[in-house]
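# Close look at the chain arrangement
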Amino acid sequence: MRKTAERSYRLVSLTSVGVVLAAWLVASALGVLDPNRLPPAQTLASAVAELVQHGYSGKPFWLQIAASMGRALAGFVIAVLVGVPVGIFIGSSRMFDAVVSPFLAFIRPIPPIAFVPLFVFYFGIGELSKIALIFLTSFLYMTVSAASGVRSVPEDLLLASRSLGLTRRQIFFHVTIPASAASILTGMRVAMTLSWALVVAAELIAAQVGLGFLIMDATTFYRIPYVFVGIITIGLIGLALEWLLLLAERRLLHWRGKQ
Amino acid sequence: MTPRVALEVRRVGRDFARPDGPSLRALEDVSFGIADSEIVSLVGPSGCGKSTLLRMIAGFDFPDAGELLLDGKRIAEPGQDRGVVFQQPQLYPWLNVLDNVCFGPRMRGVPRERISEAAGHYIRSVGLERFESHYPYQLSGGMRQRLQIARVLINEPRVLLMDEPFGALDYQTRLGMQRLLLELAAEYRPTVLFITHDIDEAIFISDRVHVMSPRPGRIIETIEVDIPRPRVYDEVSASAPFMALKLRTLKLLAH
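The next thing to look at is the overall build of chain B. Helices and strands together make up the secondary structure of chain B, namely eight helices and 10 strands. The C-alpha atoms of chain B give 18 Å as radius of gyration, which agrees with the globular expectation for 255 residues (18 Å, within 12%). In terms of overall dimensions, chain B has a C-alpha envelope of 50 × 45 × 45 Å along the principal axes. Counting only residues that meet the buried cut, chain B has 42% of its 255 residues in that class.

Here you go:
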């Protein structure tokens, strides 16, 4: 019964998206949309065709996408590689937690965008400043989720493991780590989405290639259809990334939350 | 010939510090022994320290007075020689039934062939042979407890420490688990310390029942259960000796 309800809500979602799209297409066909305010479908289609064929600002469209994704992924991957061990350490050592947490707690609420000018000053306008920014934001997030994952492992499960004859080292690698995986993977999903949103924001401010740059530059030159194509591309890629990680989570952690 | 003593509890006491005021005495001067292959229960009201005692025997906590000996050696830390069965089964949710059972021996480097042989054996013993590839979340409460018991038995512990293991199960399932425990006891002859507040359960499964007082927990009387085995619940629970023991225990606890 619950399943049918879920299915019908999904249908509602599809319909609501369909209605909005249809309204836009009808408005496009009637010719009432201003191409430089809310572009009609045919304008967007030709903007896509042009972007794909000729690129933007001397660089192909795929490169604009690849540049943004490369930065986001680089920052994100490094953040996971560094943040997860640090978070696990925070979660398992109260002392280390006490030493580093005040700093992390202070930086966390600062909007990452506030660091952009400073990072450009430190690392230049190239790749490094953006990757550093994404790294910082994702890192802060990954440490929190890894630490809380470690802390959420039930005390009795650890004791039961000792009674099974495991050494502390074995418990850490074979019990604590897998038991924290759920929290870590959820953290990764959020950090990935965050990284993607952030790279675009960083490119708005300082970049010569990338989807953020494309949007900013196209607005400056009043090429509004390009702006829309850029925004839609960002949205679709963001959704795809979220789905991908959600899928991985469901496959790897089929057991979570069902105890 | 007296059987060999496996576990000895000698004048054990335990106090818990409280931030405000004097410390709380949980256990006072508790002494008893469990011989090889004996099943001994502790019954008593909530807060009488029976779980505290079990945790100290498991090595999770330490006494403030007295000592705990396993085969004459002082207990210093948790170990595989004392298999703990928790009320809430502590299973690895990311491992299936078979892997949960194999986990302990695998970590200790027992040869693969020996593990899989033993695992199959114990999984059959607890009646989970058709569920080897199921995950804990796919099992009922009773089946999870069976799994936890198999995972402990495969370690061949010297003592089985069971902390109200059937307390969270419904009545029917609990009776089934008590029957299973007696079958396992007949097959493997484990030494068992069993904690419960269910008097029927304690008498039905045990050779001896220690009745404890409210805090600070002390043993107020020890009841020998001389009902012959094998015991069948329907027959035993309606018999005169069972009734007499139950009545005596109830009176002790009513004080």
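From this point, things continue past the structure.
Counting its secondary structure elements, chain A contains 10 helices and zero strands. Ordered by position in the sequence, the α and β elements of chain A form the string α-α-α-α-α-α-α-α-α-α. Taking 259 residues into account, the globule formula puts the C-alpha radius of gyration at 18 Å, and chain A, at 23 Å, lies well above it. Counting only C-alpha atoms, chain A reaches 75 × 60 × 30 Å along its principal axes. Relative to its 259 residues, chain A shows a buried fraction of 33%. Partitioning the intrachain contacts of chain A with sequence separation of at least 6 by distance along the chain shows that 72% fall at a separation of at least 24.

Attention now moves to the sheet that holds strand β10 (residues 219–224) of chain B. Residues and elements named next belong to chain B. If you walk across this open sheet you meet the six strands as β6-β7-β8-β3-β9-β10, and the pairing is mixed. At either margin of the open sheet sits one strand with a lone partner, and together these are β6 (82–85) and β10. Neighbour to neighbour, the strand axes of the sheet diverge by 15° on average, direction disregarded. Pairing analysis gives five bridges linking strand β7 (residues 159–163) to strand β8 (residues 191–196), with the strands arranged parallel. Counted as the bridge partner of D163 is I195 from β8.

Attention now moves to helix α4 (residues 141–153) of chain B. The terminal C-alpha atoms of α4 of chain B, which comprises 13 residues, lie 19 Å apart, in line with the 18 Å expected from a rise of 1.5 Å per residue. Taken together, the buried positions of α4 of chain B are G142, R144, Q145, R146, L147, Q148, I149, A150, R151, V152 and L153 of chain B.

Here we come to the sheet that holds strand β1 (residues 5–16) of chain B. Residues and elements named next belong to chain B. Pairing is antiparallel across the open sheet formed by four strands, whose spatial order is β2-β1-β4-β5. Because the sheet does not close on itself, it has two edges, and the strands there are β2 (24–35) and β5 (73–74). Inspection of the sheet shows strand β4 (residues 65–70) paired to β5 by two bridges, in the antiparallel sense. Counted as the bridge partner of L69 is R74 from β5. Each of β1, β2 and β4 is contacted by helix α1 (residues 50–58), which is oriented at about 120° to β1, the strand it contacts most.

Turning next to unusual backbone geometry. The omega angle of the peptide bond from R215 of chain B to P216 of chain B is -5°, so this bond is cis rather than trans. Mapped onto the elements, P216 of chain B comes out in the loop between β9 (208–212) and β10. A cis amide bond links R229 of chain B to the next residue, P230 of chain B, at an omega of -5°. One can find P230 of chain B in the loop between β10 and α7 (233–236). One non-glycine residue, Y222 of chain A, lies in the positive phi region at around 60°. Y222 of chain A sits in the exposed class, given 9 other C-beta atoms within 10 Å. Here the phi dihedral of S37 of chain B falls at roughly 65°; this positive angle occurs in a residue that is not glycine. Tracing the sequence through the fold places S37 of chain B in the loop between β2 and β3 (39–43). Taking the number of C-beta atoms within 10 Å as the measure of exposure, S37 of chain B has 15 and is therefore partly exposed.

Attention now moves to the pairing of β10 of chain B. All names here are of chain B. Across five bridges, the pairing between β9 and β10 is antiparallel. For M212, the partnering residue across the bridge sits in β10 and is I219. The hairpin formed by β9 and β10 contains six residues between the paired strands.

The subject of this paragraph is the interface of chain B and chain A. Of the residues lining the interface, 20 residues belong to chain B; the matching set on chain A comes to 15 residues. Of all the elements in the fold, those that place two or more residues in the side of chain B that touches chain A are β6 and α2 (97–107) of chain B. A breakdown of the residues in the side of chain B that touches chain A according to their chemical character gives 12 nonpolar, six polar and two charged.

Bringing the environment of I110 of chain A into the picture now. By secondary structure assignment, the location of I110 of chain A is in the loop between α4 (94–107) and α5 (116–123). Sequence spacing of I110 of chain A and L158 of chain A is 48 residues, and the spatial spacing of their C-alpha atoms is 36 Å.

The next thing to look at is the confidence of the model for chain B. Across chain B, the average pLDDT comes to 94, with 98% of residues at or above 70. As a predicted assembly, this complex carries a pTM of 0.86 together with an ipTM value of 0.93.

So, about helix α10 (residues 224–252) of chain A. All names here are of chain A. An ideal rise of 1.5 Å per residue puts 42 Å on 29 residues; α10 measures up with 42 Å between its terminal C-alpha atoms. Within α10 the residues assigned to the buried category are P225, Y226, V227, V229, G230 and I234. Buried residues along α10 sit in contact with α2 (41–54), α8 (168–205) and α9 (211–220).

To continue, consider the environment of T219 of chain A. Tracing the sequence through the fold places T219 of chain A in helix α9. In sequence terms T219 of chain A and N36 of chain A are 183 residues apart; their C-alpha atoms lie 10.0 Å from each other.

What counts, and at which threshold
Residues numbered from 1 in each chain as written. Chains lettered and ligands numbered in written order. Predicted model: local features only at pLDDT ≥ 70, side-chain atom pairs only at ≥ 80, totals over all residues. Helix = DSSP H or I, 4+ residues; strand = E, 2+ residues; numbered from the N terminus. Rg over C-alpha atoms; globule rule 2.2 N^0.38 Å. Buried ≥ 20, exposed ≤ 12 C-beta atoms within 10 Å, placed from the backbone. Contact = placed C-beta atoms within 7 Å. Pairing = 2+ DSSP bridges. Axes fitted to C-alpha atoms, helices over the stretch in contact; angles between N-to-C directions. Expected span 1.5 Å × (residues − 1). Nonpolar A, V, L, I, M, F, W, Y, C, P; charged D, E, K, R; others polar. pLDDT = per-residue confidence, 0-100.

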